[in-house]
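So the chains spell out like this:
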Amino acid sequence: MAEGAGWGQKILGRPLLIFSFGAMLVTLYLVFLWVPTERFQGIVQRIFYFHVPPAWVAFLAFFIVFVGSILYLWRGEGRWDDLAYSSAELGVVFTTVTLITGSLWGKPIWGVWWTWDPRLTATAILWLIYIAYLMIRAYVAEESRGARFAAVVGIVGFIDVPIVYLSIRWWRTLHPAPVVLTSEEGLPPAMLLTLIVSLVTFTALFIHLLFQRLSLRQMVAEVERLKEAQKEET
Amino acid sequence: MMSGPGSGEAWAIEALGITKSFSRRPVLRNLHLKVAEGSFLTIFGANGSGKTTLIKLLSTIARPETGSIVIAGMDTRENATQVRRHLGVILHQTLLYDDLTVQENLRFYGRMFDVPRLEERIAFVAHRGGLNSRLLHPVRTLSRGLQQRAAICRALLHDPAILLLDEPETGLDRHASLAFWNTLASLKEEGKTIVMTTHNMEWGLNLGDQVAILAEGRIAYQEDKATLSRATFDGIYHRYTEVSP
Amino acid sequence: MLVFALLVIVIFNFAFDVRGEAVALVAPGVLWVTLTFAGVLGFNRAFVLEKDRGCLEGLMLCPIDRGTIYWGKMAASLTFMLVVEAIVLPLFSIFFNLPLFMPSLLLIAFISTVGFAAVGTLFSAIAVHTRAREIMLPLLFFPVVVPVVIAAVEGTGMVLAVAPWASLVPWLQLVVAFDIIFLAVSWLLFEYVLEE
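Along each chain, residues carry numbers from 1 onward, in the same order as the chain's sequence is written. Lettering for chains starts from A, numbering for ligands starts from 1, and both go in the order in which the items are written. A pLDDT threshold of at least 70 governs which residues receive local features in this predicted model, and a stricter bar of 80 or more applies before side-chain atom pairs are shown or counted, although totals over entire chains, interfaces and linings include all residues. Values reported for side chains reflect all heavy atoms of the structure, with hydrogen atoms and water molecules removed beforehand.

(A) Local environment of the overall build of chain A. Numbering of helices and strands runs from the N terminus; a helix is a DSSP stretch of H or I covering at least four residues, while a strand is a stretch of E covering at least two. Summing up its helical and strand segments, chain A has 6 helices and 0 strands in all. Ordered by position from N to C terminus, the α and β elements of chain A give α-α-α-α-α-α. Think of it in three bands: with a 1.4 Å probe and only protein chains considered, a residue is buried below 20% of the maximum accessible area for its type, exposed above 50%, and partly exposed in between. Taking all 234 residues of chain A together, 47% fall into the buried category. Just so you have it, chain A exposes about 12100 Å², and 72% of that area is on carbon and sulfur atoms. Under the convention used here, a 1.4 Å probe and the Shrake-Rupley method define accessible areas, while residue burial counts only the protein chains that appear.

Next up, the structure:
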């Protein structure tokens, strides 16, 4: 994403960093000091504000991977691959955060670290698909071919996720369902506000990290190019 | 400098402004190449200069990032499948199924090309390639020289007007090499348009009507052989092939 | 592939000690895990022949679309898997004393196999160009075909439990939708996988 990211980076880079930092402080204040403790689940429920936003961000990230992959195959421009790849890395990171925070919450509430609940299972499969996305490049000798293969995986994976989710949900509803938190709608205003602030914060953080990752990738490419140029001169 | 097609002639191959890179490293940069119908062009170039890439682009296996390639009057982007009917291609590998016999391979490819009266055609190309007695042998049991002949039979099966050859002399012993030379010479006689990349000066200079040098991602030099002395060409050849990495 | 499938069945038999009442519960799972694993093994081989002597390039030189190569390879993989199933299913019903030859079950087997072949052919073309392709293919293949495996296992279980046809329909629809979507997507993407 040669020029585009450079631009975004220049104009938005610093403000985004400052904004993410400030917003994170606000979020922490809201989550730990301001928002009332949930009646039934107690203090553990607060992890919810660090569980839902990463999940949303991960989904956003994989959507960007999907779009970037299509554009890369269609236009053949390396910058779309840079975008997709950077976004996939972050998506995997945020999915991991989602899974970990979910587990931490699940243990005291459900009594287990892990259960084969549809959302959990679908998230785990999502995680596996994008791990494969990241791995495939390492196993292909030629970089642009690896990028094309990854793009194919990025497209197929994203289309597959809703089908996976649907199939697992059917599968579970036909069996005895585990205890699932059902009172997500009807969130009290204070909690809703905290959640929204946290969502905004995480989204800003994601965009900031995406720019960072993109410019890092560009620098790597630039170094490679300079190395080549020097090799040619000598 | 370049011999244009005279009246009534046409370009068999026209490549304009071709760019192709691998892993963001440009291999071909804004390459232009024209080959007149019925002529034999040999392309020299150092290892890694992009000879194979050029052949793959011309044969529609790979696609250029920019530029257009027109073969037999058709754009390869729009009419790739039609273009392929006019192309006979020989790459480093035989493109033949090792476990199938020569005949089975030719039948398979013949059907893919809808070759009319296929059995007769197979008999004809096999006879010509001196492979009659080997038709029923699996490809893996043949020597490199015979495999190369089978590869030529495959490339000629659909009677293409244009032949693209990528370093066909590689791995052939003296005898096989001589036989292959004769085949090429007779194909040239028949009026096929031939583009061949090679490392072999003897071959390139004797068979080609035109010689070209691929360096720094473009055709750095292209000249009619008739107007060329060996000594001058040697000088030019070394200048270009030693510059490139 | 066939021998492998039989071996998996034998091993599962020890692992689960499949007897009596448990058979109907465990058998669908055993059957489909066996077929999925055998499928991966088969897909791993799908492009190896072409890779060897550049035959893939030979095919790319033929006057046909890249998509046609996909259909050809898909049909070949599908046929191959169906042949293996035609042998494994009877043996399976003998080993586990189950009535597997019911039209509804054959239908489930067929559409699920189409789904496997649709995705398997695409990923196999990718995996053949990677190092460690035997690892890469399952990594790509298994997560994506999860819906088909679930549907096939559930559907088979229902047929064995003589559940009403209506309860089976959603699963069949899911697999057919999967087949259509991924046949189309793979066909469209195949060109980019072959490209050099």
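(B) Local environment of the interface of chain A and chain C. Every residue pair with non-hydrogen atoms within 4.5 Å of one another is taken to be in contact. Across the boundary between the two partners, chain A contributes 28 residues, which contact 30 residues of chain C. In short, buried area is how much 1.4 Å probe accessible area vanishes from two parts on joining, totalled over both. In this assembly, chain A packs against chain C so that about 2800 Å² is buried in total across both faces, 78% of it on carbon and sulfur atoms. When the area that chain A buries against chain C is broken down by residue, the three leading residues are Y139, F149 and V156 of chain A, summing to 20%. In what follows, salt bridge is the name for a side-chain nitrogen of Lys or Arg lying within 4 Å of a carboxyl oxygen of Asp or Glu. At the surface where chain A touches chain C, the tally comes to 1 salt bridge. Notably, a salt bridge pairs R148 of chain A with E195 of chain C, separated by 3.7 Å at the nearest N-O pair. For the purposes of these results, a polar contact is taken to be a pair of N or O atoms within 3.5 Å, where, inside protein, one atom must be able to donate a hydrogen and its partner to accept one; residues adjacent in sequence count only when each atom of the pair is a side-chain atom. On inspection of chain A and its partner chain C, the count reaches 5 residue pairs in polar contact (both at pLDDT 80 or more). Elements with a contribution of two residues or more to the side of chain A that touches chain C: α4 (118-138) and α5 (143-174) of chain A. No other element matches α5 of chain A, which puts 17 residues into the side of chain A that touches chain C. Put simply, Ala, Val, Leu, Ile, Met, Phe, Trp, Tyr, Cys and Pro go in the nonpolar bin, Asp, Glu, Lys and Arg in the charged bin, and everything else, Gly too, in the polar bin. In terms of residue class, the side of chain A that touches chain C is built from 23 nonpolar, 2 polar and 3 charged.

(C) View of the pairing of strand β1 (residues 11-22) of chain B. All names here are of chain B. Pairing analysis gives 8 bridges linking β1 to strand β2 (residues 25-36), with the strands arranged antiparallel. Bridged to I18 within β2 is L31. Pairing of β1 with strand β4 (residues 66-71) involves 5 bridges; the strand directions are antiparallel. Residue pairing in the sheet places A15 in a bridge with I69 of β4. The criterion for strand pairing is that DSSP finds at least two bridges linking the strands in question.

(D) Main features of empty space enclosed by the protein. Residues and elements named next belong to chain B. Definitions used for this entry: grid spacing 1 Å over protein atoms alone; cavity, a set of points where a 1.4 Å probe fits but cannot get out; pocket, an open set with protein on both sides within 12 Å along at least 5 of 7 lines; lining residue, one with an atom within 4 Å of a point. Grid points are joined across faces, edges and corners, and a volume is the space filled by probe spheres set on the points. Inspection of every chain in the model, using the stated rule, returns 6 cavities of 30 Å³ or more. Its boundaries defined by the atoms lining it, the largest cavity holds a volume of some 60 Å³. Along the walls of the largest cavity sit I90, I152, A155, L156, L163, L165, F180, T183, L184 and L187, which together make up its complete lining. Per-element tally for the lining of the largest cavity: the top contributor is helix α6 (residues 174-189), with 4 residues. Looking at the lining of the largest cavity, its residues break down into 9 nonpolar, 1 polar and no charged.

(E) Region of interest: the side chain of S177 of chain B. All names here are of chain B. By the secondary structure assignment, S177 is in helix α6. Owing to a relative accessible area of 15%, S177 belongs among the buried residues under this scheme. What S177 contacts, discounting residues up to four positions off in sequence, is L172 and W203.

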